[in-house]
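Residues per chain are reported as follows:
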Amino acid sequence: MENFKTAIEDYLMRTGMKPSKFGREFLNDPGFVYRLREGGECRPSTIEKVKKSMAEKEHGQDAA
């Protein structure tokens, strides 16, 4: 889980995206990053969905 959280924080720094926009764009949940920062957990399926969407977005593809 820590690697996942670090990947999100790195993505936010690289792209300049705000945490609420990240959550809204990838999961339709503007509070997602804030909950993770406070120690929240998420399902493995959510982790995979977010990782795939981040990779697609960074490579110029539409996020699924």
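Residues numbered from 1 in each chain as written. Predicted model: local features only at pLDDT ≥ 70, side-chain atom pairs only at ≥ 80, totals over all residues. Heavy atoms only, no water.

J.: Looking at this structure, I do not really get the overall build of the protein chain. What am I missing?
T.: Counting its secondary structure elements, the protein chain contains 4 helices and 0 strands. Across the protein chain, helices and strands are ordered from the amino to the carboxyl terminus as α-α-α-α. Rg of the C-alpha trace for the protein chain: 11 Å, near the compact-globule value of 11 Å for 64 residues, within the 12% margin. Expressed as lengths along the three principal axes of its C-alpha atoms, the size of the protein chain is roughly 30 × 25 × 20 Å. Looking at the protein chain as a whole, 33% of its 64 residues are labelled buried. Of the contacts formed within the protein chain by residues at least 6 apart in sequence, a portion of 49% connects residues at least 24 apart. Of the accessible surface of the protein chain, which amounts to about 4,300 Å², a share of 49% is contributed by carbon and sulfur atoms. Distance between charge centroids for the protein chain: 4 Å, based on 12 positive and 11 negative side chains. (Helix = DSSP H or I, 4+ residues; strand = E, 2+ residues; numbered from the N terminus. Rg over C-alpha atoms; globule rule 2.2 N^0.38 Å. Buried < 20%, exposed > 50% of the residue type's maximum accessible area, 1.4 Å probe, protein only. Contact = heavy atoms within 4.5 Å. Areas by Shrake-Rupley, 256 points an atom, 1.4 Å probe, with all protein chains shown as cover. Lys, Arg positive; Asp, Glu negative; His and termini not counted. Charge placed at Lys NZ, Arg CZ, Asp CG, Glu CD.)

J.: Explanation requested: the packing of aromatic side chains in the structure shown.
T.: Two aromatic rings, taken as a pair, are described by how far apart their centres are and by the angle between their planes. Overall, the coordinates contain 4 aromatic pairs when judged by the stated rule. Centroid distance tyrosine 11 to phenylalanine 22: 5.7 Å. Interplanar angle 65°. Geometry classified as edge-to-face. Taken as a pair, tyrosine 11 in helix H1 (residues 2-15) and phenylalanine 22 in helix H2 (residues 19-27) lie far apart in primary sequence, 11 residues in all. By relative accessible area, which is 2% here, tyrosine 11 ends up buried. Judged by its relative accessible area of 0%, phenylalanine 22 is buried. Linked through ring pairs, Tyr11, Phe22 and Phe26 together constitute an aromatic cluster. (Phe/Tyr/Trp six-rings, centres within 6.5 Å; stacked < 30°, edge-to-face > 60°.)

J.: Hey, could you run me through the pattern of salt bridges in this one?
T.: If charged atoms from side chains of opposite charge come close, those side chains can pair. In total, this model carries 6 salt bridges according to the counting rule given. With its nearest N and O atoms 2.7 Å apart, the salt bridge here joins arginine 37 to glutamate 9. Of this pair, arginine 37 sits in helix H3 (residues 32-37) while glutamate 9 is found in helix H1, placing the two residues 28 residues apart along the sequence. On the accessibility criterion, arginine 37 (45% relative accessible area) is partly exposed. In this structure, glutamate 56 engages lysine 52 in a salt bridge whose closest nitrogen and oxygen atoms are separated by 3.8 Å. Residue glutamate 56 and its partner lysine 52 are both found in helix H4 (residues 44-58); the two are separated by 4 residues, about one turn of the helix. Residue classification places glutamate 56 among the buried positions, given a relative accessible area of 13%. (Salt bridge = Lys/Arg side-chain N within 4 Å of Asp/Glu carboxyl O.)

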